[in-house]
Each structure stands twice: as structure tokens, then as C-alpha cells.
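Architecture at a glance
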Amino acid sequence: MRYNQQTIDKVREANNIVDVINSYVPLKKSGANFKTRCPFHDEKTPSFIVSPSKQIYKCFGCGKGGNVFTFLMEYEKITFPEAVQKLAQRAHIKLPEKEGSSQKQSLYNEMYKIYELAHKYYSKNLQKKGKEAKNFLKNRGVESDTIKKFQLGLAPDKWDGLVSFLKGKGLSKKAVMKSGLFSQKNQRIYDKFRKRIIFPIFSTDGKILAFGGRIYKEDDDSSVKYLNSPEQIIYQKRYQLYGLNVTKRKIIDAKKALVVEGYMDLCKLYQFGFSNIVASLGTALTTQQIKLLARYTKNIIILYDGDEAGYAATARAIKTCLQNDIFPSVVMMPRGYDPDSYLDEFGKDDLAQLIDNPLSFYQFLGKYLQADLDLEHKRKALDAIIDDLGLISDPTQKELFVNKVAEEFKIDNVNIIKSLNQRKKKKWKKYSESKIDRKQYIEEREFIGMILNKPELVEPHLESIDDSFFTHPFYRKFFNMIKLQKTPADFLANKASLLDKLEPEERDMISDIIFSQSDASEKKLNKLLAALRIRRLENELLKINKKIQNNPDDYKNIKRKRDVLKKLHQLKAMAKGGSVRKILR
């Protein structure tokens, strides 16, 4: 949901950035600001500065900067609306609902309540009546601490246990039936989850969305081993990853994530120290799950079961990862083993060895498709690998992997490139030009700094210049944003609010400029304006020279070059002592 600027400002003003950041990492007073070690990269000397007066932060180590919203977005790996909601909740601010959505919101709230109550019911049953279920988990190597960590529960062998528990809780029959936890036959409502260990599925911010249930009795004649909540208004499984609410900080710290197939695999591996782990809820790994996981790391290691279904699922997951600019590694379980059973038989150290030395995605495909068996198998494996290479959009990464595959399979990389071209896959993206070369754009950066830190000094000159003075695309965009304001000084007064209007990389750049204050005088402004004009003329001269090189007999370009050179010489002479108005004339 989008929120208007008034709501965003209200939420920001109610959340002091120092208090919010201090609740995540300890801050220490340092002059007018606060300082700590950066939570976004490893460092020994604190370089992360928080300004209470400007309500922004900046790390001079990794370059990240922003306001209270962007801190939550970076630290919690959530979206902007989610950050607004979380901070609104912290400040006890009620956010506006979409027009006409009150009925839908009411159903949302009721659904969350049903799942919270059901979770309490299942948890209590495991604690008080779950001796047999706990023994099963213990025999499978899942200890009590892990049970608590992932808040497992138990659905008892009763047709109406949860139904009875929810009676009198003020829930509508419509919401109860839409929850997916019950079935109805001959006007009778009964529990879907019975005789199963319950694995609650949480959102990343800790809301219960769904349940997975597993049989645990040897004589259980249930038709399926696992039963899962169906999708409903608060749960779409393609958007969720099991365990991420618990493991997200471990994933950030480890800078990589293990992806397994099931609840039991995750619980078992987590318990043995493999805590940077998630499970894909028994479905094929989806684009939405990959994008969610990419908030925390792009270093993904797939660790699926060692059977035909697991290998095929890994091959599909590789394709989905590559389509989303993620280049996964694979731990290929020996046939007949899943991560859980491998851990039981070979132990933690052996599994750690496999995880520390994973296969690249193309090495996995070569092994899975038995490329070393004979020429025909090698041809089929290469065919599949080249198909996957075609999914990579970044040209540098594509070239890198083409060379690696050529080396791995001892073939000429030119032939792989030819095959890729013949298949006419996606066009390669152009290199990003957003990264800034400070030397090349030094005058532009300094001028933007003066606008930010001394707008009243620059404002009288804004009418005299335009965006042609700026060659870097972001500085040009930012200058135009300022020039559109009736009162630029008022617009720039609230630095934290200003950052809301920028993209993440732009916020980092502006935060850096704000914190890197330098002297701001009329004399310096004169020099900067002259330097910008000189740089513009020099750029124009380069373009004219290129035209003359292509068409040396074009008199108009030759004349234009003379005029530009004359202005350039005059401007350089005047810049030593002339007034700004004379220089910019």
C-alpha cells in the first residue's frame, strides 16, 4: 500500500532515528552525533555515524546512508511500506486504510487471529500431551531447544479439537472456513490437521501465516506424510520461505544461504550449527522466494534430496535463480540420501565439507546429466548448460561463465558463444553508468553539496544556470528537482524527508555529501560556477572535434569550434577575478 507524504512524515517524526538504530545496534555519543560499528559490513573501527539533528545516518566505510526508513529496509530487508508499517506500530500510529478496503482488512485481521490462536492450541498440546511426538522428534535428532526455536506444535487425534478451542473467541464462520484449517461435511465442521506434528510458517516479521503438519506414528495410515495449509488471504506459499524469520540474521552474517526442501531438514541442520538456512516449503523454488532471499544474500547454495525428484528440482531452481541474476551453487547429495539422513550417517563434519565445497550450477548439471558417460551424454549436458547460460542477462557474468564452462568441458568458448547467439536468448543489459567517478564530477558534486548545506547562498544563482552544467545523470536529475521548488531552502531543510524521494544508490550519494560538509562561501561558489561552465564548454569541444574528424570539410563545425575556444579562453581568464554574473553571461 502507498502512503501519502503527510503520513510518511508523521511516522518519521514520531521515530527518532537515534532511538530506532540504538534498539538494533548500540550507539555511542561522539560530539554532536552518535557512532557505532556499521551493521551492514564488517569493520573494527566504527565509521557508522548517526546525526540526531538531520535524522540521517552514513557509513564512511561501505558508503550506505539514509534515514530511519532506509535503515529498517536495509537491516530488516523489508520494503518501504513494510518499514512505514513497522515504525507506525512502534509509535502507536494508526495508518490509513485504502478506501473500500475496511472489509478486506477486517478479514485479514481475523485470519491472523485464527492462526495465532491455532498456534497457541498446537503449542500447548505438544507441551502437555506430546510425549510420543517429542520422542519421535528426539529419535530424529531434533532436540527441545530446536522445538522451542521454531515453535513446533501438535495437532491431537481429535476431529473437533481446534474447532472447540476457537468457540467463543468472537470469530466469524466465514473467516474460520476461509482459514483452510477446517473441512465441512453434513453441516459438521472438523479439523483438517489431526495426529500430526505442526510446523508453523511465519512471515519474516514474525506473523503466523500457515502450518505444515507431519505424521509421527509408525502405524499411521494417513494418505500423505505431509499436510500443508492451503493458500488464503494472508498466505501464498510462493512468497514465503520456512525458517527465514529465525535465520535471516545468520544468513546476513554468513553472507550465504542454504536452501533445503523440507521442515525436518531445516530443523535438523539448524540444530547442528548450519543456521544460515531456509526451506522452500516443498514447492519448486519460485522467483518470489529468490527475490525475498536476495534481500539477505545473493550467495545461494541449493541442498536438495539425493534422488531423481531432488535433482530435477535443483535443475529447475538453477533456471529460476539465473533468470533473477542469482548464480547458485549446489551441494549434490549422494543418491538415496537427504541432508537429514546424510547427517545421521556421516556426521556434521562430512556435511560441512560438502557445503564448504559446493558445485557450480554447470558442474552440477554435468554430473546430473552424466556428461562423462559418453559423447551423447556430454552433448545433452552441454545443451542444457548453454540453455541456462542464455538466461544470464549481465554480459560480464555471462562471459565469465562461458569461459568457465569451456574450461570445465574442454571446448572452445567461441563455439559456446555461437550456440548462445543462435538460440537468440535475452539481450544483454548495458553496463550501469550510475557509479560515480569523483574526479570526473568533482565540481558537480561540490556544487550539489553547496545546494544541500547552504541553499540560501546558492538560491540567487539558480536562475542563471540550467541542467546542461551537469554531466552526471543523477546530479542533473537532483538539480532539476531543486530548481522545480518554489523555495529550495525550505525543501532542503528536512534532510531525512528529502532522502525518501531518492533511489537507494542516490540516497547513499546524497548522505555522503551531506556528511562531508566543506567550506561554503561566496568566493568558493564563484569558482565552482566558473568551473562548471568551463567543464561544459570542454565537453562541447570534444563533441565538435568528433564531428570534424568525421567530416573535416564542414565549415559550420570549424567555426563553432573557434567560437567555443574563444569563450573558453575568455572564461578561464575571467574566472581568476571576474564576478559570477560576468562569468555566466
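This write-up is about the structure you can find in this document. (Residues numbered from 1 in each chain as written. Predicted model: local features only at pLDDT ≥ 70, side-chain atom pairs only at ≥ 80, totals over all residues. Heavy atoms only, no water.)

Within a sheet, neighbouring strands are paired by backbone hydrogen bonds and run either parallel or antiparallel to one another. The strand order β6-β9-β10-β11 describes an open sheet built from 4 strands, whose pairing is antiparallel. Edge positions in the open sheet fall to β6 (153-155) and β11 (226-228), since each of these has one partner strand only. Sheet twist, expressed as the mean angle between neighbouring strand axes with direction ignored, is 30°. Two elements, β6 and strand β9 (residues 196-202), share 3 bridges in a ladder whose sense is antiparallel. Bridge pairing in β9 places G153 opposite I198. Relative to β9, helix α6 (residues 131-139) is tilted by about 75°, and along the sheet it contacts β6, β9 and β10 (208-215). (Pairing = 2+ DSSP bridges. Helix = DSSP H or I, 4+ residues; strand = E, 2+ residues; numbered from the N terminus. Axes fitted to C-alpha atoms, helices over the stretch in contact; angles between N-to-C directions. Contact = heavy atoms within 4.5 Å.)

What follows is about the packing of aromatic side chains. Two aromatic rings are characterised by how far apart their centres lie and by the angle between their planes. Inspection of the entire model under this criterion finds 37 aromatic pairs. Note on Y57 and F71: the rings are 5.9 Å apart at their centroids and 85° apart in plane angle, and the pair reads as edge-to-face. Taken together, the residues Y57 in strand β4 (residues 56-59) and F71 in helix α3 (residues 68-76) connect sequence positions 14 residues apart. A relative accessible area of 0% places F71 in the buried class. Summarising the aromatic geometry, the rings of Y337 and F346 are spaced 5.4 Å apart at their centres and angled 55° between planes, so their arrangement reads as tilted. Judged by relative accessible area, which is 19%, Y337 ranks as buried. Look at F346 and you get partly exposed, because its relative accessible area is 35%. An aromatic cluster of at least three residues, connected via ring pairs, comprises Y24, F40, F48, Y57, F71 and Y75. Its guanidinium or amino end placed over the ring of F34, K29 lies 5.2 Å from that ring's centre, counting from NZ or CZ. One residue, R194, lies across the ring of W159, its end atom 3.8 Å from the ring centre. (Phe/Tyr/Trp six-rings, centres within 6.5 Å; stacked < 30°, edge-to-face > 60°. Buried < 20%, exposed > 50% of the residue type's maximum accessible area, 1.4 Å probe, protein only. Lys NZ or Arg CZ within 6 Å of the ring centre and 35° of its normal.)

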